[in-house]
Amino acid sequence: METTVRDTIKRITRGHLENGSRCFGQCLTAVGWVGGTLPEFYEEDGMVELSMADVAASGLLTGLALAGERPIYVVRYQGFQWYNAPTIINYAMKSKEIWQRPCPMFVRSIAMEGGIGPVAGSSHHSLYQRMPGVKILSPMTPKEYQLAYDSFMSDDDVYYISEHRKSYDNTEELENIIYPNADITLFPISITRFAAQEASSILKEQGINVNVIHQLWIKPFVFKDDWKTALENSKCGGIVLDDDYEEGAASSIAHRMMMDSNKKVGTFCLATRTAGFHPSVDNLPPSTEQIVQKILQIMETA
Amino acid sequence: MNKFYSPEELIKFETEMAVCFDAAMIRAPVHLYHGNEEQMIKVFKDNNIGPEDWVLCSWRSHYQCLLKGVPPEKLKSAILKGRSISLCFKEQRVLSSGIVTGVLPIATGIAMDIKRKGGTNKVYCFMGEMTSETGVAHECIKYARNHKLPIHFIVEDNGKSVCTDTRATWAMDKLTYEGVNDEYVTYYKYDLVKYPHAGAGKRVQF
């Protein structure tokens, strides 16, 4: 049987705990075990419930990390990062720079959408991306998740892992799609990577070549040479896709690519409004259909 | 073993810092202690706070730094560089923060790690009485007590938060930890009359 992202996270967590480290968060052992990503361990095994205010729990994790433990901290809804960020950003992420005392922690920050209202939903990696002292990855495949964990274990920085629940069933590795003379290049982040691939396939049938260059590392962002070549060979430039708001990582990455290339790079992200619970007022990441329409619009006006 | 200062030595250091501040040699806020020397020394002596222990403080921490073993000249240098409000000395295991409640959960987390590793050292976390009434303080102290963590919280009551009367703020005649002195909490009261909340009493314009 192929390995899913879910099973990969569960295996990594099991190994982390069996090696003497611990995993913390709210409602970890509740029904579902965080989307099935946790082994059924309890406090005595190192799976520690912190049923307290997020701002206090993230402080405890910072103390643990300062003292030398490499904790995994599970934030079940990425929107809750707004309540966790004060201590992680102001202490854990600054500690190495200011006091030469590394504070490595692996923050699992889990996004999802669809009727979960104005606080919990979507990705919020931009909140951390603008601050120093953190590395941010958004793994959507089993190998990418393993790479993220291995990188953390060989490093002493805070790692922010921008997950998405809809990736948990995924077993496939996502390869870049690069045409010699593409019409446009997509740089999708997080869950938009799947929709970007589908949009590329749909448009290929219409004779439109759409590059897809997957974004795993949000920070540090490295504009690779082959990406630059692909962008500069794209007739209509590029688009960064994200399920966070536009004014954040997506705009920052687009800016970097524009500064380093001769093409325009736009963004297509969450709408600039708050999500509600009802489907009519939800705020979802760009869908396959929306991406297709966006590309067609750009090509019409090019 | 950390050096045990006398009250006079502590006062002398703080007086020197006050002179430096009033002479505009410190281009950042300072928060000076006075009137609690006996109690502060007693906390360090009674608990036999040693080099392996951690001390976490708020923005007012000169006495703790000295009693924890930070060399006076090193401490003075950091204060003159404007770091009084968040003094951190990793070698002496001192961590301070200018944020209300900032260090409380961090202290609790460090204690969780010590317990996990079976360490014999301990965390000492200092806070003012206004901080002790916050939700974060209640969560951390409750968690530490119930999980039997190697941590001790010291509530220093000077009756006010900056210039605000703590008891009036919460409409309480008696604060939550007032008079509590047990395995996890030490409470003491003192009058900070010599110095204002910040600075040394003279208006210094930078």
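Residues numbered from 1 in each chain as written. Chains lettered and ligands numbered in written order. Predicted model: local features only at pLDDT ≥ 70, side-chain atom pairs only at ≥ 80, totals over all residues. Heavy atoms only, no water.

Draft legend 1. Representation of the sheet that holds strand β7 (residues 184-188) of chain A within the structure. All names here are of chain A. With parallel pairing, the four strands of this open sheet are ordered in space as β8-β7-β10-β11. Of all strands in the sheet, those with a lone pairing partner are β8 (210-212) and β11 (265-270), marking the two edges. Averaged over all adjacent pairs, the angle separating strand axes in this sheet is 25°, with direction ignored. Here four bridges tie β7 to strand β10 (residues 238-245), and the two strands are oriented parallel to one another. Paired with F187 across the bridge in β10 is V240. Together, β7, β10 and β11 form the strand contacts of helix α10 (residues 249-259), whose direction differs from that of β11 by roughly 170°. (Pairing = 2+ DSSP bridges. Helix = DSSP H or I, 4+ residues; strand = E, 2+ residues; numbered from the N terminus. Axes fitted to C-alpha atoms, helices over the stretch in contact; angles between N-to-C directions. Contact = heavy atoms within 4.5 Å.)

Draft legend 2. Up close: helix α1 (residues 5-18) of chain A. All names here are of chain A. The terminal C-alpha atoms of α1 lie 20 Å apart, and with 14 residues this matches the ideal 20 Å at 1.5 Å per residue to within 8%. Looking only at α1, the buried set comprises V5, T8, I9, I12, T13, H16 and L17. Projected down its long axis, α1 shows its buried positions confined to an angular sector of 160°, all on one face. If you follow the buried residues of α1, they end up packed against β1 (23-25), β2 (47-49), β3 (72-75), β4 (106-111), α7 (142-153) and β6 (158-164). Looking one or two residues beyond α1, the residue adopting positive phi is G20, at roughly 100°. (Expected span 1.5 Å × (residues − 1). Buried < 20%, exposed > 50% of the residue type's maximum accessible area, 1.4 Å probe, protein only. Arc of directions from axis to C-beta.)

Draft legend 3. Geometry of the pairing of β4(A). Residues and elements named next belong to chain A. Across the six residues of β4, six count as buried, placing the element largely inside the fold. Neither face of β4 is left uncovered, since the one carrying F106, R108 and I110 and the one carrying V107, S109 and A111 both have all their residues buried. Here β3 pairs with β4 via four bridges, running parallel. Considered in β4, the bridge of V75 is made with S109. In this view, the connection linking β3 to its parallel neighbour β4 by way of helix α4 (residues 81-99) has right-handed handedness. Taken together, the six bridges between β4 and β6 define a ladder with parallel strand orientation. For S109, the partnering residue across the bridge sits in β6 and is S162. (Right-handed = clockwise from strand over helix to strand, strands pointing away.)

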